[in-house]
Amino acid sequence: MKNTKNKGEYGYRDYRRRTRTIMVAIGIAAILIQLAARGLTDNQAAKNILTVMAVLSVLPTANLASPLLASWRYRTPSEAFYQKVRAHEGEFTILYDLIVTTKESILPFDAVIVHPNGIYAYCTANKVDSSKAEKSLNALLKGQKLDGNLKIIKDEKGFFHRMEGLKPAADYEDDGSVDYAANFLKNMSM
C-alpha cells in the first residue's frame, strides 16, 4: 500500500487507529454473521460448528481491540509540531508517534530524539510519573546493553530547547548504538 506508515514515522498513530478500527469492525461483523447464520439453520451439527466458529473468532478480535482501546485517546501530533521537529531530522535520529508501555503506565511519545548523548522523549500524558517511567525504561535499555540515559520531557518548550541544544550526531563516533536504540524503542511501541 502506498499510504502505509511504519512505527516511528509521523502519522503512525492515526494510521494504526484507522487500520485497527477496520480490522476490529470486520472481526465483529464476522462474529455477528456466524451467530446470525446459526439462527438460520435447523441442522444441529451446523449450529454447533457456527457457535464454535463465533466463539473462536472472539479472541483474535479482542487481541486487536485491546491495544486499540488502550491507545484510543492518543492521536498524531499537529502538523505544526511535526514541521518544527522535522527541521532537525538531518542532525539526529527522530522517531514520531510511539506509544511505549511499562508495567505502570502508557507513555505516548510524540517525538523521540535518539542521540549519542541520550534519548529524549516528549511525552504528552499529564498523569505519567516521569521519574518512575524513566527508571523502568532505563532498566530495559540497560538490559539491552545500551546506556540507560533516557529522559522524558513533558514540556513542549523544554523539548524544543533540548533539541536545539544538541550537537549533530555526525559530530560523534558512530558505534551503532543509536540505530539499535531506535529499533529497540520501535519494537517496544504498540
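To be clear, the structure that these remarks concern was listed above.
Description of the structure in this document. No experiment lies behind these values; they were computed from the predicted model shown. (Residues numbered from 1 in each chain as written. Predicted model: local features only at pLDDT ≥ 70, side-chain atom pairs only at ≥ 80, totals over all residues. Heavy atoms only, no water.)

### Brief notes about a negative patch on the surface
Quick reminder of the rule: By definition, no residue in a patch forms a salt bridge, and every one has over 30% relative accessible area; like charges are joined within 9 Å, nonpolar side chains (Val, Leu, Ile, Met, Phe, Trp, Tyr) within 5 Å. Only the protein chains shown count as cover for residues, with accessible areas throughout obtained via the Shrake-Rupley method and a probe of 1.4 Å. For this analysis, a salt bridge means a side-chain nitrogen from Lys or Arg found within 4 Å of a carboxyl oxygen belonging to Asp or Glu. The positive count covers Lys and Arg only, the negative count covers Asp and Glu only, and His and the chain ends enter neither. Throughout, a charge is located at the NZ atom of Lys, the CZ atom of Arg, the CG atom of Asp or the CD atom of Glu. Every helix listed is a DSSP run of H or I at least four residues long, and every strand listed is a run of E at least two residues long, numbered separately from the N terminus. In this scheme, a residue with accessible area under 20% of its type's maximum is buried, one over 50% is exposed, and one in between is partly exposed, where area comes from a 1.4 Å probe on protein chains only.
A contiguous patch of negative charge on the surface is contributed by Asp147, Glu173, Asp174, Asp175 and Asp179. Here aspartate 147 lies in the loop between helix H4 (130–143) and strand S4 (150–153). The class for aspartate 147 is exposed, based on a relative accessible area of 56%.

### Concerning the packing of helix H3 (residues 79–86) against helix H5 (residues 156–165)
Inclusion rule: In this analysis an axis means a line fitted to C-alpha atoms, helices contributing only their contacting stretch, and an angle means the value between N-to-C directions, from 0 to 180 degrees. Each angle is binned into one of four classes, with values under 35 degrees roughly parallel, values over 145 roughly antiparallel, values of 65 to 115 roughly perpendicular, and all other values oblique. Working rule for handedness: look at the near helix, and if it is turned counterclockwise from the far one by less than a right angle, call the crossing left-handed; if clockwise, right-handed. Every residue pair with non-hydrogen atoms within 4.5 Å of one another is taken to be in contact. Each residue gets one of three labels, nonpolar for Ala, Val, Leu, Ile, Met, Phe, Trp, Tyr, Cys and Pro, charged for Asp, Glu, Lys and Arg, and polar for the others, Gly among them.
The interhelical angle for the contact between H3 and H5, taken along N-to-C directions, is 20°, at an axis separation of 11 Å. On the basis of their axis angle, the class for H3 and H5 is roughly parallel. By crossing handedness, the relation of H3 to H5 is classed as left-handed. For the pair H3 and H5, the contacting residues are Phe81, Lys84 and Val85 in the first and Glu156, Phe159, Phe160 and Met163 in the second. Across the contact of H3 with H5, the residue classes break down as five nonpolar, no polar and two charged.

### What to know about the side chain of arginine 20
Among the secondary structure elements, arginine 20 is positioned in helix H1 (residues 12–40). Despite its burial, arginine 20 pairs with no opposite charge; the closest candidate is aspartate 14, at 13 Å N-O. Residues contacting arginine 20, with those up to four places away along its chain left out, are Asn63, Leu64, Pro67 and Leu68.

### Re the pattern of salt bridges
Within the structure shown, the criterion is met by two salt bridges. Notably, a salt bridge pairs aspartate 110 with arginine 13, separated by 2.9 Å at the nearest N-O pair. With a gap of 97 residues between them, aspartate 110 in strand S2 (residues 106–115) and arginine 13 in helix H1 connect regions that are remote in the sequence. Aspartate 110 sits in the buried class, given a relative accessible area of 7%. Here arginine 75 makes a salt bridge to aspartate 14, at a shortest N to O gap of 2.9 Å. Residue arginine 75 is found in the loop between helix H2 (44–70) and H3, and its partner aspartate 14 is found in helix H1; the two are separated by 61 residues along the sequence. A relative accessible area of 46% means that arginine 75 is categorised as partly exposed. The exposure class assigned to aspartate 14 is buried, which follows from its relative accessible area of 18%.

### Things to note about helix H6 (residues 177–188)
Residues lying three or four places apart along an α-helix face the same way, a consequence of the helix completing one turn every 3.6 residues. Which entries qualify depends on this criterion: By definition here, a helix of n residues has an expected span of 1.5 Å times n minus one. Here, the arc refers to the directions that run from the helix axis to the C-beta atoms.
Between its terminal C-alpha atoms H6 stretches 16 Å, which fits the 16 Å expected from 12 residues at 1.5 Å a residue. For H6, the set of buried residues is Val178, Ala181, Ala182, Phe184, Leu185 and Met188. In a view along the axis of H6, the buried residues occupy a sector of 160°, so they form one face of it. Tucked into the core, H6 has its buried residues touching strand S1 (93–101), S2, strand S3 (118–123), H4 and S4.

### Side note on the nonpolar core
Quick note on the threshold: To define a nonpolar core, start from buried Ala, Val, Leu, Ile, Met, Phe, Trp, Tyr and Cys residues and group those joined through side-chain atoms within 4.5 Å.
Core analysis: the biggest nonpolar cluster contains 24 residues, and Phe109, Val112 and Val114 have the highest contact counts within it. Secondary structure elements with two or more residues in this core: S1, S2, S3, H4, S4 and H6. Among the elements that make up this core, the one with the highest residue count is H6 (six residues). If near-sequence neighbours (up to four positions away) are discounted, valine 114 is found in contact with Phe92, Thr93, Leu95, Ile119, Val178, Ala181, Ala182 and Leu185. Counting residues in each nonpolar core, the second largest holds 16 residues, with Phe92, Ile113, Met163 and Leu166 among its members.

### Observations concerning the packing of aromatic side chains
Heads up, the condition is: Centre distance within 6.5 Å is the pairing criterion for rings of Phe, Tyr and Trp, where only the six-membered ring of Trp is used; planes under 30 degrees apart are then read as stacked, over 60 as edge-to-face, and the remainder as tilted. The rule for a charge over a ring is simple: NZ of Lys or CZ of Arg within 6 Å of the ring centre, and within 35 degrees of the ring normal.
As enumerated under the stated definition, the model contains seven aromatic pairs in all. Between phenylalanine 159 and phenylalanine 160, the ring centres sit 5.8 Å apart and the planes meet at 70°, which makes this aromatic pair edge-to-face. For the pair formed by phenylalanine 159 and phenylalanine 160, the shared burial category is buried. Cluster of aromatic residues (ring-pair linked, three or more members): Phe81, Tyr122, Phe159 and Phe160. Residue placement shows arginine 17 over the ring face of tryptophan 72; its charged tip is 3.6 Å from the ring centre. Directly above the ring of phenylalanine 160 sits lysine 84, whose terminal nitrogen or CZ lies 4.4 Å from the centroid.

So yeah, pure geometry; function would need other evidence.
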